[in-house]
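# Report on the structure
Residue strings, one per chain:
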Amino acid sequence: MNFINALKPYVANQYSHLPKSRFISVFILRTTQSEAIFRTEGSGEGCNREIVTNSNGQALFRAVISKRKQIAVERREGRQQLRKYELLFTNKEKEAIQDDNVCSMNRNNPCEKCIDCMLYGYAVGTGGAQKSRVISDDAYSLLPFDLISDKKTFNALYENNTMRDPISGKASSSIGEDEYIVPGSHFLDIEVLRDVTETELLMVLGNIIRSKRYGAITSRIGSVKNTILGITGSDSELFSTLEWINASELLLQSEANEHPQPESKVIQNVTQSIAQLIDTHICGDYYSLTAEELKTFIQEVKDVYAFPEQLKEKLIAQTLSYPQNEGLQK
Ligand SMILES: [Zn+2]
């Protein structure tokens, strides 16, 4: 990757335990491409929403995609690559690698060696821990919750196409109501990467671009398109997702404040608000890629993913470069 030059001051040559104030902010527009359900647990509950104030000080509900859920989807995407190239490990030195003891999410057996562990963080009961270097807020909807959500009732029919059990003759009780986010709804999100290397940055961007489904997922719902609208390197964090939402909403107010908001208008205004906010919020040094630079950079990321050998080589080199992996053979 050549393009990284402009961002070099904000990227680490090598992983280090000690933070050095290098931040890369990735500004993401997430747009639902089908009905989507973002909720905490189980079914029957409504979609996540939170009451917040807008830039005029008015309270309103916005739909929320929780940061935990977003990052989990993207991590799974990246871990597939690591699994493919055998770059997930066991957490015991001498243990043979078997399917059931290899590094996995939510099973409390992080290997403490792979890129995923080192980048997105882990904690184990015995005291080992790595803080996540991918920091994110919840993603909020640009429009208020009421304008982008709907409800539908569903009833689970028996095979005889009725609500009555064909054997017992009893009426089915499985009638429910599902609340969902309508297609074409826009959410904004900032992922802030801290002291990451070039390859770690490549992997996070690849994970974002390649992730296509979020929330409660079936084959028919949960499709989301991620568009990276900006990348800024800086020596401090810039501003919050909520500040970005409010500034963007203010710009969009006069032209597109109803669903469906035309994507081109959204992109134009939301991108403009990034520059405005940096201008007013920053206390330090930064560099934002221009639109042309961003396009080239994203293309370079896609090019690496298009050549698996090249990607594999980078992932192996990154894995071997972590201090604890000295002596590891690959
Ligand atoms: Zn691991």
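Description of the structure in this document. As the structure is a computational prediction, the values presented were derived from the model and not from experiment. (Residues numbered from 1 in each chain as written. Predicted model: local features only at pLDDT ≥ 70, side-chain atom pairs only at ≥ 80, totals over all residues. Heavy atoms only, no water.)

## Notes on the pairing of strand 1 (residues 23-32)
Our working rule: Under the scheme applied here, a residue whose accessible area is under 20% of the maximum for its type counts as buried, over 50% as exposed, and between as partly exposed, the area being computed with a 1.4 Å probe on protein chains only. What counts as a helix is a DSSP run of H or I of at least four residues, what counts as a strand is a run of E of at least two, and both are numbered from the N terminus. Should DSSP find at least two bridges between two strands, the strands are regarded as paired.
Taking burial as the measure, the 10 residues of strand 1 include 10 buried ones, the bulk of the element. With burial as the criterion, each face of strand 1 is covered, one bearing Phe23, Ser25, Phe27, Leu29 and Thr31 and the other bearing Ile24, Val26, Ile28, Arg30 and Thr32. Judged from the nine bridges that link them, strand 1 and strand 10 (residues 186-194) form a sheet pairing that is antiparallel. Across the sheet, residue Ser25 finds its bridge partner in strand 10, namely Val192. Sheet topology note: the strand 1/strand 11 (residues 224-234) ladder contains 10 bridges and is antiparallel. The partner of Ile28 across the bridge, within strand 11, is Ile228.

## Notes on the coordination of the zinc ion
Basically, it comes down to this: For Na, K and Ca the donor cutoff is 3.2 Å, while for all other metals N, O and S atoms count as donors only within 2.8 Å; water does not appear among the atoms, so some sites may look incomplete.
Protein coordination at the zinc ion: the donors are Cys103 (SG), Cys111 (SG), Cys114 (SG) and Cys117 (SG), at 2.2 to 2.4 Å from the metal. Going along the chain, you hit the donors of the zinc ion in the pattern C-x7-C-x2-C-x2-C. Judged by relative accessible area, which is 2%, Cys103 ranks as buried.

## Focus on helix 6 (residues 263-281)
Let me state the cut-off plainly: To estimate how far a helix should extend, the number of its residues minus one is multiplied by 1.5 Å. In what follows, residue pairs with any heavy atoms lying within 4.5 Å of each other are defined as contacts.
Compared with the 27 Å implied by 1.5 Å per residue over 19 residues, the 26 Å span of helix 6 between its first and last C-alpha is a close match. Taken as a whole, helix 6 has its buried residues at Val266, Asn269, Val270, Ser273, Ile274, Leu277 and Ile278. Contacts from the buried residues of helix 6 go to strand 1, strand 7 (139-144), strand 10, strand 11, helix 5 (241-252) and strand 12 (286-288).

## Quick word on unusual backbone geometry
The omega torsion of the bond from His259 to Pro260 falls at -5°, within 30 degrees of zero and hence cis. Counting through the fold element by element, Pro260 comes out in the loop between helix 5 and helix 6. Although it is not a glycine, Glu112 sits at a positive phi angle of roughly 65°. Along the chain, Glu112 falls in the loop between helix 1 (67-84) and helix 2 (115-120). For Glu112, a relative accessible area of 25% corresponds to the partly exposed category. One non-glycine residue, Asp195, adopts positive backbone phi at about 50°. When you line up the elements, Asp195 lands in the loop between strand 10 and helix 4 (198-210).

## Some details on the pairing of strand 7
Of all six residues that make up strand 7, five are buried, and the element is covered over most of its length. As paired strands, strand 3 (residues 59-65) and strand 7 are joined by three bridges and run antiparallel to one another. From the neighbouring strand, Val64 faces strand 7, where its bridge partner is Tyr140. Here strand 7 runs beside strand 10; their pairing, made up of two bridges, is antiparallel. Within the sheet, the bridge partner assigned to Ser141 lies in strand 10 and is Phe187.

## Quick look at the environment of Ser34
Applied cut-off: Whenever two N or O atoms come within 3.5 Å, that pair is a polar contact, provided that in protein one can donate a hydrogen and the other can accept it, and provided that, for residues adjacent in sequence, both atoms are side-chain atoms.
Tracing the sequence through the fold places Ser34 in the loop between strand 1 and strand 2 (49-53). Residues Ser34 and Val52, spaced 18 residues apart in sequence, show a C-alpha to C-alpha distance of 26 Å. Residue contacts for Ser34: discarding those within four places in its chain leaves Ile181, Val182, Pro183, Arg220, Ile221, Gly222 and Ser223. At 3.2 Å, the side chain of Ser34 and the backbone nitrogen of Gly222 are in polar contact. Among the polar contacts made by the side chain of Ser34, one reaches the main-chain amide nitrogen of Ser223 at a distance of 3.0 Å.

## Examining the packing of aromatic side chains
The description of an aromatic ring pair uses the distance of the two centres, along with the angle that the planes make with each other. Quick note on the threshold: Aromatic rings from Phe, Tyr and Trp, with only the six-membered ring used for Trp, were paired whenever their centres fell within 6.5 Å, and each pair was classed as stacked if the ring planes differed by under 30 degrees, edge-to-face if by over 60, and tilted otherwise.
The tally for this structure, following the rule as stated, stands at four aromatic pairs. Arranged with centres 5.3 Å apart and planes meeting at 75°, the rings of Phe27 and Trp244 form a pair that is edge-to-face. Within this pair, whereas Phe27 is found in strand 1, its partner Trp244 is found in helix 5, the two being separated by 217 residues in sequence. As far as burial versus exposure is concerned, Phe27 and Trp244 are alike and both buried.

## Some details on the pattern of salt bridges
Close approach of charged atoms allows side chains of opposite charge to pair. Our working rule: Think of a salt bridge as a Lys or Arg side-chain nitrogen and an Asp or Glu carboxyl oxygen that are within 4 Å of each other.
Per the counting criterion, the structure on display carries 14 salt bridges. With its nearest N and O atoms 3.3 Å apart, the salt bridge here joins Arg62 to Glu249. With a gap of 187 residues between them, Arg62 in strand 3 and Glu249 in helix 5 connect regions that are remote in the sequence. Judged by relative accessible area, which is 0%, Arg62 ranks as buried.

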